[in-house]
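# Structural features, examined
Spelled out, the chains give:
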Amino acid sequence: MKKLLVLAFFLTLGNAGSAQNNPLPAWEKGYLDIHFINTGRGDAAFIIMPDGSSLLVDAGDLDSDAESMVAAVPDKSKSPGEWIADYIHQFHPKGKDAVLDYALLTHYDSDHMGSMNFRKRVHEKGDYGLSGMSEVGSIIPIGKIIDRGDDFLQNTGESQSQKKERIAEYRKFLSYAEDAQGLRYEKFKVGSVDQIKMLHHANEYPEFVVKNLFANGEIAAVRDTTVAFRRFDATDDPSENNLSLGIRISYGAFDFYTGGDIPGIGHTSAPDPQSMESYAAPVIGDVDVATLNHHGNRDSQNEFFVRMLQPRVWICQSWTIRHPGEDVLRRIMSPWVYPGERDLFITSLHKINESYIGESRAKDFTSKRGHLVVRVYQGGDKYNVFVLNDLSQEREVLARHQYRSK
């Protein structure tokens, strides 16, 4: 692994009136932008490819104000789906005329797709519940939406029944959007390198590729586009987290990974060599930036997985007191698991969790709250991580950190 040159510095705001002086510099052609949008109610990552093609990965809405949750941000005047759409309108190259070329749903849990109570608010024409992905798609047109399909939905247990109801509302949204907006639906193709691709000037950036790594327990081969392994068979009843899909985005020397909520720790709190993390790690490989699986929950980031990826930057998308676990912090920050510096950014660190993990572990966080933007510059050799103010609708820059790709 090549030696990393890292320069980090902070841009501090003088006062509340300085937002206009610290906007995020606009996306430019040739940039890869990866925005982690913080609503305090679930995951949402908005990606602008080097040619301007766009991708939304998840749009969660837990519809809860439990004490274990972090604060909803910036406030409750809008729903999480509305805030996600508002954020996209601010930073999309086409502004208020934004269209999402792709949307990717990693799995069917509320913090990734929308609330269990999908009928709380209903689209007046489509008669489908407005929450998370369906609400974003009702505000911003989506060209193609991709999910894991209907695998392993045969169970009739209570939790599975609730999931089926949630999926049914989401499918009603898809059906309406197909007719009203021309939305196209596809099931995720494990191993593919062209299901998600640049649509405008792809020939100008041959070094950019999105590879579909895994879904429904199927894992792609490392060196080609075939399926190398199947973790589950038709008789299994895996958890929804185990069925998450994952992708790797490569742009020259830069590599980024995100993979939903796949687990890596067994029921006895020991690393599970038969887990999705363990099987997926080789096809993910060494990356520059990685999101924490399952928000850094205690069943994730086993030592083998961390050792295989060795990212310079970890991203934690958090919404509860459980994110991340103290033992997860120990593994991802340990110099005995892999050498070198690394930075950890989190969208929201719950104050009680911060107190629980203690002052020494809390120092592991480079930033403890805010929208996060990974900006990869033309060619992929350099990237920045920007921290944006999630309490302000202007979303001004609070800090910037500079890196070189591996």
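The structure presented is a predicted model; accordingly, all values stated were derived computationally and were not measured.

## Regarding the pairing of strand β8 (residues 208–215)
For β8, a buried count of seven out of eight residues is recorded, marking the element as mostly surrounded by other parts of the structure. Sheet analysis places β8 next to strand β9 (residues 218–220), joined by two bridges and oriented antiparallel. Pairing of F214 across the sheet is with I219, part of β9. As consecutive antiparallel partners, β8 and β9 are separated by two residues, and within that stretch N216 has a phi angle of approximately 55 degrees, a positive value.

## Brief notes about empty space enclosed by the protein
Tallied over the entire structure, the rule returns two cavities of 30 Å³ or more. There is about 100 Å³ of room inside the largest cavity. If you trace the largest cavity, you find 14 residues lining it, with D43, T258, G260, T291 and Q317 closest to the centre. Among the residues forming the lining of the largest cavity, the class breakdown is three nonpolar, eight polar and three charged. One number sums up the size of the second largest cavity: a volume of about 30 Å³. What lines the second largest cavity is simply I37, N38, T39, V73, P74, W83, Y87, H371 and R395.

## Concerning the environment of A220
Secondary-structure assignment places A220 in strand β9. As for A220 and N117, which are separated by 103 residues in sequence, their C-alpha atoms are 34 Å apart. With residues up to four places along the chain from it excluded, the contact list for A220 reads V190, G191, K211, N212, L213, T226, V227, A228 and V283.

## Digging into the packing of aromatic side chains
Following the criterion strictly, the structure yields 13 aromatic pairs and no others. Ring pairs connect the aromatic residues Y128, F173 and Y176, which therefore count as one cluster. Looking at R342, its charged tip hangs above the ring of Y338, at a distance of 3.8 Å from the centre.

## Digging into the environment of G379
The topology assignment puts G379 in the loop between β17 (371–376) and β18 (382–388). Distance from G379 to R166, taken between C-alpha atoms, is 41 Å for residues 213 residues apart in sequence. In this structure, G379 is in contact with E207, Y251, G252 and A253, ignoring residues within four places of it in sequence.

## Brief notes about the nonpolar core
Ranked by size, the top nonpolar core spans 68 residues in total, and within it Y257 and I284 carry the most contacts. Ignoring any residue separated from it by four or fewer positions in sequence, one finds I284 in contact with L213, F214, R248, Y257, F305 and L309. Ranked by size, the runner-up nonpolar core spans 40 residues in total, among them F46, A103, L105 and I140.

## Digging into the pairing of strand β14 (residues 313–316)
Side-chain positions along a regular strand alternate between the two faces of the sheet. Every second residue of β14 is oriented toward a common face, with V313 and I315 on one face and W314 and C316 on the other, all of them buried. With three bridges connecting them, strand β13 (residues 289–291) and β14 associate as parallel partners. For A290, the partnering residue across the bridge sits in β14 and is W314. Between the parallel pair β13 and β14, the chain is carried across by helix α6 (residues 303–309), and the sense of this crossover is right-handed. Both β14 and strand β15 (residues 343–346) contribute to a ladder of four bridges, which runs parallel. Opposite C316, over in β15, you have I346 as the bridge partner.

Rules behind the numbers
Residues numbered from 1 in each chain as written. Predicted model: local features only at pLDDT ≥ 70, side-chain atom pairs only at ≥ 80, totals over all residues. Heavy atoms only, no water. Buried < 20%, exposed > 50% of the residue type's maximum accessible area, 1.4 Å probe, protein only. Helix = DSSP H or I, 4+ residues; strand = E, 2+ residues; numbered from the N terminus. Pairing = 2+ DSSP bridges. 1 Å grid on protein atoms, 1.4 Å probe; cavity = no way out; pocket = protein on both sides within 12 Å on 5 of 7 lines; lining within 4 Å. Points joined across faces, edges and corners; volume = space filled by probe spheres on them. Nonpolar A, V, L, I, M, F, W, Y, C, P; charged D, E, K, R; others polar. Contact = heavy atoms within 4.5 Å. Phe/Tyr/Trp six-rings, centres within 6.5 Å; stacked < 30°, edge-to-face > 60°. Lys NZ or Arg CZ within 6 Å of the ring centre and 35° of its normal. Core = buried A, V, L, I, M, F, W, Y, C linked by side-chain atoms within 4.5 Å. Right-handed = clockwise from strand over helix to strand, strands pointing away.

Everything listed is a geometric property; what it means functionally is a separate question.
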